[in-house]
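Remarks on the overall topology
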Amino acid sequence: MRVAYVKSGDVVASLDRLSSIDAVSADDGGPDAFLGDLLRAMPDDRFLLLGIATIVSSNRAAKFPRTRAVTLAARRRFGAFRNALRVFTEILGFKPDWIICGKCGVTLWSSYLASRILRVPLVHSRHNWLVEKTPIGRIATAIDNWIVRRTDAVVCHGPYLRDRLAGIGVPHNRTFEFDSGNATLVKQTESAGYDIPVINTGGRQMVLYVGRMVRQKGIFDLLEACARLFPDLPGLCLTYVGTGNDLEALREETVRRGLAERVDFLGRVSHMQLGRVMKQSQLVATPTQSRFPEGRCMVVMEALALGIPVVAPGFGPFPYLVRDGVNGLLYRPDSIDELEETIRNALVDEALYRTLANGAKQSGRELLQPKVSYSQALGMALTQVRV
């Protein structure tokens, strides 16, 4: 079988990482988990992987066993249309037996058109959701929704997205929910002698952010909230893990405000090392702004699996994982004041923190193994298409 898979991210880099890992060492979480799961589940099939990435400056392609990977740089202005045209021509040239598209916008539109020309099934893979507020954005969303309702099946990451898909009219019998696992992360974290980045917290209380370093993820909001807390909480420190377009601007802002001794930047940390970093923190914060698309938020799942309470905004997928006052605290989205107060309450009130930590441990047990993996959901979707 020939499969064309269109997704976000640098697929060439992903395949480089996956090719160095054997099946026994495969991780059930992390950024390459879904792609790795799919490739392992279909060992005899041929793939065309098309990725669109914001972190690369130019297009690149590479050949791997039974797989051709093409990473397209996500450029501004007319870049999205050029990439969509490239996706369209690559799919037509590959002539797949079915297409998986994990993108929205013009990339989804071109994938849909290719599927109709080739008369092959199109499965939409949904990983996030954005509520557009501009007129052009709402028009694009309307087109997306029209196409998604007409795809042969939809797989989605978690219950929040399943509810949103139902809300736009995708039939229940064509929607297949999947999840990621955290057993590998927990096992690696608990293993003795595992090498980790050195974090000199000096016994301080660490608030940890893990994710893309972009403004819409609330990274500057978190810096501001912690900056207000530093004078009252001398034992508090803030650590950022991740890379992105706004990383250097955040570093510069940290230095400008004289906060460099209280704020650490670890850059990219491998998924196998992430657990040990999380275990050194008291709180994991996900200060995502309401304008940023979220789906399942794997960082929240990972933190809870390790028994770390989470501070998160009370919108989108976060209330599906974070139970306010039980395993974490929710605050009003986009409110730096409430973010500051929520962090303060969690760290200052010892009884509350013990409650949250116990709740996180209990919640984490339910997040170790997914009920349905990504490849299993796609398998069910393909079975449905063939019926």
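Each value, and the rule that gives it
Residues numbered from 1 in each chain as written. Predicted model: local features only at pLDDT ≥ 70, side-chain atom pairs only at ≥ 80, totals over all residues. Heavy atoms only, no water. Core = buried A, V, L, I, M, F, W, Y, C linked by side-chain atoms within 4.5 Å. Buried < 20%, exposed > 50% of the residue type's maximum accessible area, 1.4 Å probe, protein only. Helix = DSSP H or I, 4+ residues; strand = E, 2+ residues; numbered from the N terminus. Expected span 1.5 Å × (residues − 1). Arc of directions from axis to C-beta. Contact = heavy atoms within 4.5 Å. Salt bridge = Lys/Arg side-chain N within 4 Å of Asp/Glu carboxyl O.

1. Some details on the nonpolar core
The biggest cluster of nonpolar side chains holds 31 residues, and the ones touching the most others in it are V207, L222, L238, Y240 and I343. Counting residues per element, the ones that place at least two in this core are β9 (205-210), α8 (219-229), β10 (236-241), α9 (247-256), β11 (263-265), β12 (283-285), β14 (328-331) and α13 (336-348). Considering every element that reaches this core, the biggest residue donor is α8, with eight residues. In this structure, V6, L72, V148 and C156 belong to the second largest nonpolar core, which totals 28 residues.

2. Observations regarding helix α15 (residues 374-386)
Between the first and last C-alpha of α15 there are 19 Å, a value that for 13 residues agrees with the 18 Å anticipated at 1.5 Å per step. Considered for burial, the residues of α15 that qualify are Y374, S375, A377, L378, A381 and L382. Buried residues of α15, viewed axially, fall in a sector of 160°; they line one side.

3. Observations concerning the side chain of T254
Checked against the element boundaries, T254 lands in helix α9. Exposure remark for T254: the relative accessible area of 1% places this residue in the buried category. Discounting chain neighbours no more than four positions away, the residues touching T254 are L223, L259, A260, V263 and F265.

4. What about the environment of P293?
Considering the arrangement of structural elements, one finds P293 in the loop between β12 and α11 (298-305). Using a relative accessible area of 21% as the deciding quantity, one classes P293 as partly exposed. Considering only alpha carbons, one finds P293 and N128, 165 residues apart in sequence, at a separation of 5.6 Å. Non-local contacts of P293, meaning those with residues more than four positions away in its chain, are made with N128, W129 and L130.

5. So, the side chain of S14
Within the secondary structure, S14 sits in helix α1 (residues 11-19). By relative accessible area, S14 is classed as buried at 6%.

6. Some words on the pattern of salt bridges
Taken as a whole and assessed by the stated rule, the structure comprises 17 salt bridges. In this structure, the salt-bridge partner of R86 is E90, at a minimum N-O distance of 3.0 Å. Placement of both R86 and E90 in helix α3 (residues 79-94) is noted, with a separation of four residues, approximately one turn of the helix. Judged by relative accessible area, which is 14%, E90 ranks as buried. The network of salt bridges with shared partners includes E224, R228, D232, R257, D337, E340, E341 and R344.

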